[in-house]
Amino acid sequence: MDQHGVRGRYGRSMAVASGWYGTAIAALAVGTTSVPSAPRNDCAAWFSCLSPGESLVFVGLVWGTPVLLGLLGVTALVAALVVRVIPSAVLAGTTSAALSVGVCAAVYLGRS
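Bear in mind the structure is a predicted one, so any value in this text is a computation, not a measurement.

K.L.:
Just to check I follow, could you spell out the environment of cysteine 43 for this structure?
P.N.:
Its place among the elements puts cysteine 43 in the loop between α1 (6–33) and α2 (52–85). Residue cysteine 43 is classed as partly exposed on the basis of its relative accessible area of 45%. What cysteine 43 contacts, discounting residues up to four positions off in sequence, is Ser48 and Cys49.

K.L.:
Hey, could you run me through a nonpolar patch on the surface in this one?
P.N.:
A cluster of nonpolar side chains, namely Trp46, Phe47, Leu50, Val57, Phe58, Val59, Leu61, Val62, Trp63 and Val67, defines an oily patch on the protein surface of about 1100 Å² accessible area. On the secondary structure map, leucine 50 appears in the loop between α1 and α2. Classification of leucine 50 as partly exposed rests on a relative accessible area of 33%.

K.L.:
Can you walk me through the layout of surface pockets in this structure?
P.N.:
With a probe scaled to a water molecule rolled over the atoms, the places where space remains empty come into view. The volume enclosed by the largest pocket comes to roughly 390 Å³. If you trace the largest pocket, you find 16 residues lining it, with Ile25, Leu28, Trp63, Gly64 and Leu68 closest to the centre. Elements with a contribution of two residues or more to the lining of the largest pocket: α1, α2 and α3 (89–111). Of the residues forming the lining of the largest pocket, the biggest block, eight residues, is contributed by α2. Residues of the lining of the largest pocket, tallied by class, amount to 14 nonpolar, two polar and no charged. Empty space within the second largest pocket amounts to approximately 320 Å³. When residues in the lining of the second largest pocket are grouped by element, the largest group, six residues, is from α3. Looking at the lining of the second largest pocket residue by residue, the classes come out as nine nonpolar, one polar and one charged.

Rules of the game
- Note on numbering: residues in each chain are counted from 1, in written sequence order.
- Residue-level local features of this predicted model are given only where pLDDT is at least 70; pairs of side-chain atoms are given and counted only at 80 or more, and the full residue set underlies all totals for whole chains, interfaces and linings.
- Hydrogens and water molecules were not included; the side-chain quantities draw on all heavy atoms of the structure.
- Strands are runs of DSSP state E lasting at least two residues, helices are runs of H or I lasting at least four, and both sets are numbered from the N terminus onward.
- Remark: exposure states derive from per-residue accessible area (1.4 Å probe, protein chains only) relative to the maximum for the residue type, with buried under 20%, exposed over 50%, and partly exposed in between.
- Contact definition: two residues touch when any of their heavy atoms are within 4.5 Å.
- Patches draw on residues past 30% relative accessible area with no salt bridge. Two like charges within 9 Å are joined, as are two nonpolar side chains (Val, Leu, Ile, Met, Phe, Trp, Tyr) within 5 Å.
- We get accessible surface area from the Shrake-Rupley algorithm with a probe of 1.4 Å; when it comes to residues, only the shown protein chains can shield them.
- Only one rule defines a salt bridge in this text: a Lys or Arg side-chain nitrogen within 4 Å of an Asp or Glu carboxyl oxygen.
- As defined here, a cavity is a set of points on a 1 Å grid over the protein atoms alone where a 1.4 Å probe fits but cannot get out. A pocket is an open set with protein on both sides within 12 Å along at least five of seven lines, and residues line them when an atom is within 4 Å of a point.
- Grid points are joined across faces, edges and corners, and a volume is the space filled by probe spheres set on the points.
- Charged means Asp, Glu, Lys or Arg here, nonpolar means Ala, Val, Leu, Ile, Met, Phe, Trp, Tyr, Cys or Pro, and polar covers whatever is left, Gly included.

Pasting the structure below:
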């Protein structure tokens, strides 16, 4: 570890950022599973008969996992820069998570 404890703050800031992502995923899961299922009129289309919980798992596996891995990768890079400027690991982790979401959103919207 160096004299300023940057490596220790980096690990703690990554834990804080991961905690923010976990909180957002948990809030999404609670919000989605609390919605009642729509009446099942036609099950001819693919995935039309999934319950809200089943659709959450499906979307999480197909779309959410690559997005979360990308966010964690960008967060690792951003946290390495932010932790040198901000002495608090909690503030550095929160800042790096927010900046990472902004960067990934800008890249996604730029592609569309």
